Amino acid sequence: MRLSGKTAIVTGAGSGFGAGIAQRFVDEGARVLVADINGDAANEVAARIKAIPWVVDVSNNTSVRRMAGKMPNPDIIVNNAGVTHLPQPLEDVSDEDFDQVFRVNMKSVFLMSRHFVPMMKTRGSGAILNIASTAGISPRPNLNWYNASKGWMITATKTMAVELAPFGIRVNALNPVAGETPLLKTFMGEDTPEIRAKFLSTIPLGRFSTPEDMGAAAAFLCSDDASMITGVAMEVDGGRCI
Ligand code: ADP
């Protein structure tokens, strides 16, 4: 129960890694806001794990501000909501996909900071966790702009860590390899046994990251067990980036 008495907002918690992180936070004693653009998904996960559902578009200033009205002073923020674009060379990416990756993966971190960091600064404590990706350090072909958004997230994490350390706020990132989530198909292009086996052969531990793996790593980094850890971007990737 390392997060007993803590409050946490996990964005994109209606599915995949975010749901796993939210679940582990509840198991560790936290009061958790399951925040997702997909209301049905947020409701389903929140009911299952005994958390609070909330509909938010993390790329929209008004929507994030409204969420701050519901849970104004969280101890923990997990910036997990993310999207990717169709696997294709950069020159073929549509304006819409380019803008959406920018807004959901990058602008969201800025908007969440705008609405929650001032309160954390006043309180003098907080833990922020950005869910980046191994794609941000070991880029895959045809996911250029997605890779770049995750690379930015790692850089932003380190910058935020330095900026916010004087206020007692720690900022870290996790770099999962693809998980068994809806994003997996996008990473692999197609989900056939051959493509799956080839993808798995690049992961020394021989399996995908799971929501439970992410929950365990997130709970550690957001708890006082990690009170001396800030500015790290930790792989949860079965050794893929060695
Ligand atoms: P993964 O868990 O592998 O990161 P998923 O696609 O399973 O990928 O989860 C991403 C989550 O982020 C989904 O539940 C999705 O609804 C949510 N999401 C996507 N865009 C937004 C947004 N603009 N605001 C809030 N949540 C979002």
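Residues numbered from 1 in each chain as written. Predicted model: local features only at pLDDT ≥ 70, side-chain atom pairs only at ≥ 80, totals over all residues. Heavy atoms only, no water.

## Regarding the nonpolar core
Convention followed: In this text, buried Ala, Val, Leu, Ile, Met, Phe, Trp, Tyr and Cys residues form a nonpolar core when linked through side-chain atoms within 4.5 Å. The buried label applies to any residue whose accessible area, calculated with a 1.4 Å probe on protein chains only, is under 20% of its type's maximum; exposed applies above 50%, and partly exposed to all values in between. Under the scheme used here, helices are H or I runs from DSSP no shorter than 4 residues and strands are E runs no shorter than 2 residues, and both carry numbers assigned from the N terminus. By definition in these notes, contact holds between two residues if any of their heavy atoms fall within 4.5 Å.
Counting residues in each nonpolar core, the largest one holds 32 residues, and the members touching the most others are F25, V32, V34 and L174. Those elements that place two or more of their residues in this core are β1 (7-11), α1 (16-27), β2 (31-36), α2 (39-49), β4 (76-79), β5 (126-131) and α8 (211-222). The residues contacting F25, other than those within four sequence positions of it, are L3, A8, V10, A30, V32, I76, V78, A218, A219 and C222. In this structure, V83, M106, M120 and V171 belong to the second largest nonpolar core, which totals 31 residues.

## Some details on the sheet that holds strand β7 (residues 233-236)
Condition: Strands are treated as partners if at least two bridges between them are detected by DSSP. In this analysis an axis means a line fitted to C-alpha atoms, helices contributing only their contacting stretch, and an angle means the value between N-to-C directions, from 0 to 180 degrees.
Overall, parallel pairing links the seven strands, which are arranged β3-β2-β1-β4-β5-β6-β7 in an open sheet. Unpaired on one side and paired on the other, β3 (52-55) and β7 mark the two borders of the sheet. In this sheet, adjacent strand axes meet at a mean angle of 20 degrees when their direction is disregarded. This element, α2, spans β2 and β3 of the sheet and lies at about 170 degrees to β3.

## A look at the pattern of salt bridges
Just so we agree on the cut-off: Definition used for salt bridges: Asp or Glu carboxyl oxygen within 4 Å of a side-chain nitrogen of Lys or Arg.
This structure, assessed with the given rule, holds seven salt bridges. Close ionic contact of R196 with D191 constitutes a salt bridge, the shortest N to O distance being 2.9 Å. Among the charged side chains, a network of salt bridges with common partners joins R2, R24, E28 and D225.

## Focus on the site of the ligand
Our working definition: Residues are classed as near a molecule or strand on a simple rule: at least one heavy atom within 4 Å of it. Under the rule applied, a polar contact is a pair of N or O atoms within 3.5 Å (in protein, one hydrogen donor and one hydrogen acceptor; residues adjacent in sequence only if both atoms are side-chain atoms). Methods summary: accessible areas were calculated by the Shrake-Rupley approach with a probe of 1.4 Å, and residue burial reflects only the protein chains presented. Under the scheme applied here, ten amino acids are nonpolar (Ala, Val, Leu, Ile, Met, Phe, Trp, Tyr, Cys and Pro), four are charged (Asp, Glu, Lys and Arg), and all others, including Gly, are polar.
For the ligand, the set of nearby residues contains 17 residues, the closest of which are S15, F17, D36, D57 and T181. Contact between the ligand and V56: a nitrogen atom at 3.3 Å from a main-chain N or O atom of the residue. In this structure, D57 approaches the ligand through a side-chain N or O atom, which is 2.9 Å from a nitrogen atom. Here the ligand loses 88% of its free accessible area of 580 Å² to cover by the protein chains. Class assignment of the residues belonging to the shell around the ligand gives a composition of nine nonpolar, six polar and two charged.

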